[in-house]
Amino acid sequence: MAHAHGPVGPAPSRTRWIMAWILVPLATLTVIGLAVLWPYTGPQTIATDQPARRDATVTAVQPQPCTQRTSRQCGSVTVRLTSGPQSGQTVTATIPEGPGSPVVEPGDKIIVGDNEAPGGPPQYAVLDHQRGLQLWILLGLFALVIVAFGRWQGLAALVGLGVSFAILLAFILPAIAVGKPPLLVAIVGAAAIMFAVLYLTHGFSVQTSVAVLGTLVSLTLTGGLAVAATEALHLTGFGSEDTGLLAVFLGEIDPRGLLLAGIVIGTLGVLDDVTVTQAATVGELAAANPSLGARGLYRSATRIGRAHIASTVNTIVLAYAGASLPLLLLVIIGGQSAGTILTSEFIVDEIVRSVVGTIGLVAAVPVTTGLAALVTAQRHKA
């Protein structure tokens, strides 16, 4: 889906060949990396003693006093099973006590756990609400808004989002789960996402190629800086309980590599935004003022890039803070000194994510803007 060229004219043939000579080998290396690191056997699933999950509809609620002082709902419910071997039957399910237990009412679509007792009838317990329908409605609204505003480019963006999830779920996560090097997997996966999504969404053009090249350079810088930071700070990757659980279940996994992979993948999405914006900004400035040379385009677009980065930095920090809000609350009520808290690994992990990702974004502005200014100036001369 190639976009039409702007008023500054098409890029000279020499410029297109140079971009091809740079990007085609990199794309080829990405394909080779996918082939070498692909998890052909697939990850092994972990056997658990979790009860079978059954869909059900609440027909009646029998509230009872809780054994502990709490405002949560306690007692049992009468439900009609809508899945499993006993589908259509009416059974009684208990409501578990404690924080996070679901609050249900007649008519609610819920999920119950089927605890099959040896030599006795199954025991049912309320586990959660069914959210499939509501989730699909929300996703449909999301897609409708994107397509209504972005039209064909919005539709391409949705397809690109699907490609990103496909690579993440089919390659990155399974490859890490079977013991492949997490950082290398993340770099190859991020490159595959970048090539596929940027060209699919923005078309095959020199402007898009500039954004791709700027993203690659900045992503390489981010990965190298992340390695240096984790080594200098002696980070092990065990800053979260989730990593500890993975190390127990998947003994061959590299926790530090997993931390580095998370930094690379997390930075990629924002890098795409910055590089595409800068490349497009240079093109629009050249179209509005064809007399601007490479230096003038670079200066003007960099001023816009500074404003973009200033707002993006705050976005990154608040995004990490929002995702880690429960953890930050636990830290506050822990009663430890600020110095102890800030130098603890689980906090330093988040600081490194934010700082390294932000430095990569800052580097993306001059790199991409400089490349775009040179290419656009040559296009104008042609």
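Structure report, in brief. (Residues numbered from 1 in each chain as written. Predicted model: local features only at pLDDT ≥ 70, side-chain atom pairs only at ≥ 80, totals over all residues. Heavy atoms only, no water.)

Overview of the overall build of the protein chain
Then, number 1: Tallying secondary structure elements over the protein chain gives 10 helices and 5 strands in all.
Then, number 2: Here the protein chain holds 382 residues, and the buried ones make up 38% of them.
Then, number 3: In the protein chain, the share of contacts with a sequence separation of at least 24, taken over all contacts with a separation of at least 6, comes to 67%.
Then, number 4: Accessible area of the protein chain: about 21100 Å², with a carbon and sulfur share of 66%. (Helix = DSSP H or I, 4+ residues; strand = E, 2+ residues; numbered from the N terminus. Buried < 20%, exposed > 50% of the residue type's maximum accessible area, 1.4 Å probe, protein only. Contact = heavy atoms within 4.5 Å. Areas by Shrake-Rupley, 256 points an atom, 1.4 Å probe, with all protein chains shown as cover.)

Focus: the nonpolar core
Then, number 1: Within the largest apolar cluster, 46 residues are counted, with the highest numbers of intra-cluster contacts made by Leu 23, Phe 171 and Val 212.
Then, number 2: Secondary-structure elements contributing two or more residues to this core are helix H1 (13-37), helix H2 (132-177), helix H3 (182-202), helix H4 (206-232), helix H6 (255-288), helix H7 (294-323) and helix H10 (345-381).
Then, number 3: At 11 residues, H3 tops the list of elements feeding residues into this core.
Then, number 4: With residues up to four places along the chain from it excluded, the contact list for Phe 171 reads Leu 34, Leu 37, Trp 38, Pro 39, Ala 166, Val 185, Val 188 and Gly 189.
Then, number 5: Counting residues in each nonpolar core, the second largest holds 13 residues, with Leu 81, Ile 110, Tyr 124 and Val 126 among its members. (Core = buried A, V, L, I, M, F, W, Y, C linked by side-chain atoms within 4.5 Å.)

Structural notes on a positive patch on the surface
Then, number 1: Where like charges cluster on the molecular surface, the positive patch consists of Arg 295, Arg 299, Arg 303 and Arg 306.
Then, number 2: Among the structural elements, Arg 299 can be located in helix H7. (Patch = residues over 30% accessible without salt bridge, like charges linked within 9 Å, V, L, I, M, F, W, Y side chains within 5 Å. Salt bridge = Lys/Arg side-chain N within 4 Å of Asp/Glu carboxyl O. Lys, Arg positive; Asp, Glu negative; His and termini not counted. Charge placed at Lys NZ, Arg CZ, Asp CG, Glu CD.)

Topic: the sheet that holds strand E3 (residues 90-95)
Then, number 1: With mixed pairing, 5 strands are arranged side by side around a closed barrel as E1-E2-E3-E5-E4. Within this sheet the neighbouring strands show an average axis-to-axis angle of 55 degrees, counted without direction.
Then, number 2: Across 6 bridges, the pairing between strand E1 (residues 52-63) and strand E4 (residues 109-115) is antiparallel. The partner of Thr 57 across the bridge, within E4, is Lys 109. (Pairing = 2+ DSSP bridges. Axes fitted to C-alpha atoms, helices over the stretch in contact; angles between N-to-C directions.)

Some thoughts on the packing of aromatic side chains
Pairs of aromatic rings are described using the distance from one ring centre to the other and the angle between the two planes.
Then, number 1: Within the structure shown, the criterion is met by 2 aromatic pairs.
Then, number 2: Taken together, a centroid distance of 5.6 Å and an interplanar angle of 20 degrees make the contact between Trp 38 and Phe 171 stacked. Here the residue Trp 38 occupies a position in the loop between H1 and E1, and Phe 171 occupies one in helix H2, the gap between them amounting to 133 residues.
Then, number 3: Residue classification places Trp 38 among the partly exposed residues on the basis of a relative accessible area of 32%.
Then, number 4: On the basis of relative accessibility, which here comes to 0%, the residue Phe 171 falls in the buried class.
Then, number 5: Ring geometry for Tyr 199 against Phe 204: centres 4.9 Å apart, planes inclined by 10 degrees, an arrangement best described as stacked. (Phe/Tyr/Trp six-rings, centres within 6.5 Å; stacked < 30°, edge-to-face > 60°.)

Section: unusual backbone geometry
Then, number 1: With phi around 55 degrees, Arg 151 is a residue other than glycine that occupies positive phi space.
Then, number 2: With respect to the helices, strands and loops of the structure, Arg 151 is situated in helix H2.
Then, number 3: If you check the backbone angles, His 234 has positive phi at about 55 degrees while not being a glycine.
Then, number 4: Its place among the elements puts His 234 in the loop between H4 and helix H5 (241-249).
Then, number 5: Under the relative-accessibility criterion, His 234 is labelled exposed at 67%.

Regarding a nonpolar patch on the surface
Then, number 1: A contiguous nonpolar surface patch, about 770 Å² in accessible area, is contributed by Leu 135, Trp 136, Leu 138, Leu 139, Leu 141, Leu 144 and Val 145.
Then, number 2: You can see Leu 139 is positioned in helix H2.

As for H2
Then, number 1: Relative to the 68 Å expected for 46 residues at 1.5 Å per residue, H2 spans just 27 Å between its end C-alpha atoms, considerably shorter than the ideal helical length.
Then, number 2: When the local axis directions of H2 are compared, the greatest deviation, roughly 135 degrees, occurs at Arg 151.
Then, number 3: Among the residues making up H2, those that are buried are Gly 154, Ala 156, Leu 158, Gly 160, Ser 164, Ile 167, Phe 171, Ile 172, Pro 174, Ala 175 and Ile 176.
Then, number 4: Looking at the buried side of H2, the elements it contacts are H1, H3 and H6.
Then, number 5: Immediately beyond the C-terminal end of H2, within one or two residues, lies Gly 179, with a positive phi of roughly 100 degrees. (Expected span 1.5 Å × (residues − 1). Bend = angle between axes of the 7 residues up to and from the residue.)

A closer look at the packing of H3 against H4
Then, number 1: Orientation of H3 relative to H4, taken along the N-to-C sense of each, is 160 degrees, at an axis distance of 10 Å. By the angle between their directions, the pair H3 and H4 is classed as roughly antiparallel. Here the hand of the crossing between H3 and H4 comes out right-handed. Of the residues in H4, those in contact with Leu 183, Ala 190, Met 194, Phe 195, Leu 198, Tyr 199 and His 202 of H3 are Thr 208, Ser 209, Ala 211, Val 212, Thr 215, Leu 216, Leu 219 and Val 227.
Then, number 2: A breakdown of the residues in the contact of H3 with H4 according to their chemical character gives 11 nonpolar, 4 polar and no charged. (Parallel < 35°, antiparallel > 145°, perpendicular 65-115°, else oblique. Left-handed = near helix turned anticlockwise from the far one by under 90°. Nonpolar A, V, L, I, M, F, W, Y, C, P; charged D, E, K, R; others polar.)

Some details on the pattern of salt bridges
Then, number 1: Within this structure, the stated rule accounts for 3 salt bridges.
Then, number 2: Where Asp 114 meets Arg 54, a salt bridge forms, and the shortest distance between an N and an O atom there is 3.5 Å. Taken as a pair, Asp 114 in strand E4 and Arg 54 in strand E1 lie far apart in primary sequence, 60 residues in all. Across the pair, exposure class does not vary: Asp 114 and Arg 54 are buried alike.
Then, number 3: Close ionic contact of Asp 128 with Arg 131 constitutes a salt bridge, the shortest N to O distance being 2.8 Å.
Then, number 4: Under the relative-accessibility criterion, Asp 128 is labelled partly exposed at 24%.

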